[in-house]
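Residue-level listing of the chains:
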Amino acid sequence: MPTLLFINACVRGRDSRTLALAEHLLACIKEVNSHDMAFQIEEIRLSTENLLPLNYERLLRREELLTAGQLGDSMFDYANAVAQADMLVIAAPYWDMSFPASLKIFFEMASVDGITFTYAEDSTPVGLSVAEDMYYVTTSGGYIGDCNFGFEYASALCKLYGIQNTHFISAQGLDLDGADVQAILEEACNGEIQHY
Ligand SMILES: Cc1cc2nc3c(=O)[nH]c(=O)nc-3n(C[C@H](O)[C@H](O)[C@H](O)COP(=O)(O)O)c2cc1C
């Protein structure tokens, strides 16, 4: 059964509007694929993971493992999960013009030369991930406009991994005075998500 990797970078538990939007997308994906190709959803909930940025010691350990070809070590769990998934859904609130720091650490751990990407003889990068599609779901207090750095960064990395089709789903302006949060969320669910 194909695997959908759900990378949940939402911070506010059940209060998260981003999580609600992402769950709607997941329900749509399940429904559309229920007949031919049902996905098994694997969630990585970053708020409960023990995420540490690479320091010098862990960087050296990582290099040792890679040199020894120990790609199955637990240090590479995120990279292997990303490489093997058939579809990626990332849910991350729009924080400080991008996303929470936990997602940056996740990407740091997932970006491994030899697992999610490699280099050809002419030094051009070659993606090693199976998935063709990544959906990036976010909600924001104001309007994102030209500062869509979270999605653009996630999208660029996914392309490095070989995931060519990246899609952006958002509900914006949720914290503006007088915003009808429910209506904005419903519009995102009925609009962008329906065309996923
Ligand atoms: C730490 C933090 C940083 C934020 N940064 C921004 C920002 O740069 N621009 C913006 O429009 N909203 C910003 N917001 C508002 C959130 O994007 C908005 O409330 C979003 O809907 C939160 O998603 P959630 O309900 O899934 O937690 C920020 C909120 C927090 C808590």
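Our structure is the block above this text.
Here is a short report on the structure shown in this document. Everything quoted here is computed from the prediction, not taken from an experiment. Numbers given to residues run from 1 along each chain, matching the order in which its sequence is written. Per-residue local features are limited, in this predicted model, to residues with pLDDT of at least 70; the limit for side-chain atom pairs, both in listing and counting, is 80 or more; totals at the level of whole chains, interfaces and linings are taken over all residues. Here the side-chain values reflect all heavy atoms present in the structure, with hydrogen atoms and water set aside.

Some details on the packing of aromatic side chains
Which entries qualify depends on this criterion: Think of it this way: a Phe, Tyr or Trp ring, Trp meaning its six-membered ring, pairs with another when their centres are within 6.5 Å, and the plane angle makes it stacked under 30 degrees, edge-to-face over 60, tilted otherwise. Each residue is placed in one exposure class: buried if its accessible area under a 1.4 Å probe, protein chains only, is under 20% of its type's maximum, exposed if it is over 50%, and partly exposed if it falls in between. Secondary structure elements follow DSSP: runs of H or I no shorter than four residues count as helices, runs of E no shorter than two count as strands, and numbering proceeds from the N terminus.
Inspection of the entire model under this criterion finds 9 aromatic pairs. Here the aromatic rings of Phe-117 and Tyr-119 are separated by 5.7 Å at their centres, their planes lie at 85 degrees, and the arrangement is edge-to-face. According to the relative accessible area criterion, Tyr-119 is partly exposed, its value standing at 46%. Aromatic side chains Phe-151 and Phe-168 sit 5.1 Å apart centroid to centroid with 45 degrees between the ring planes, which places their arrangement in the tilted category. Linking Phe-151 in helix H5 (residues 149-161) with Phe-168 in strand E7 (residues 165-171), this pair joins segments that are 17 residues apart in sequence. Linked through ring pairs, Tyr-78, Phe-99, Phe-106, Phe-107 and Tyr-153 together constitute an aromatic cluster.

Some details on the packing of helix H3 (residues 77-84) against helix H4 (residues 101-110)
Selection rule: Axis lines are fitted to C-alpha atoms, over the contacting stretch for helices. Their N-to-C directions set the angle, which ranges from 0 to 180 degrees. An angle below 35 degrees is treated as roughly parallel, one above 145 as roughly antiparallel, one from 65 to 115 as roughly perpendicular, and anything else as oblique. By the convention used here, residues are in contact when the closest approach between their heavy atoms is within 4.5 Å. Residues are grouped as follows: nonpolar covers Ala, Val, Leu, Ile, Met, Phe, Trp, Tyr, Cys and Pro; charged covers Asp, Glu, Lys and Arg; every other residue, Gly included, is treated as polar.
Viewed as axis vectors pointing N to C, H3 and H4 meet at an angle of 80 degrees, and their least axial separation amounts to 7 Å. One way to sum up the angle between H3 and H4 is to call them roughly perpendicular. Contacts between H3 and H4 pair Tyr-78, Ala-79 and Val-82 from the former with Phe-106, Met-109 and Ala-110 from the latter. Looking at the contact of H3 with H4, its residues break down into 6 nonpolar, no polar and no charged.

Thoughts on the sheet that holds E7
In plain terms, the rule: For two strands to pair, DSSP has to find at least two bridges joining them.
Within the open sheet, the 5 strands sit side by side as E2-E1-E3-E6-E7. Their pairing is parallel. The strands lining the two open edges of the sheet, one partner per strand, are strand E2 (40-45) and E7. Adjacent strand axes in the sheet meet at a mean angle of 15 degrees when their direction is disregarded. Pairing geometry for strand E1 (residues 3-8) and strand E3 (residues 87-91), over 5 bridges, is parallel. The partner of Ile-7 across the bridge, within E3, is Ile-90.

As for the packing of H4 against H5
Two numbers describe a pair of packed helices, the interaxial angle and the distance between the axes. Cut-off, in case you're wondering: Put simply, a crossing is left-handed when the front helix is turned counterclockwise from the back one by less than a right angle, and right-handed when it is turned clockwise.
With their axes 12 Å apart at the nearest point, H4 and H5 run at an angle of 15 degrees to one another. Taken together, H4 and H5 sit at an angle that is classed as roughly parallel. With respect to the hand of their crossing, H4 and H5 are arranged in left-handed fashion. Contacts between H4 and H5 pair Lys-104, Phe-107 and Ala-110 from the former with Tyr-153, Ala-154, Leu-157 and Tyr-161 from the latter. Considered class by class, the residues forming the contact of H4 with H5 number 6 nonpolar, no polar and 1 charged.

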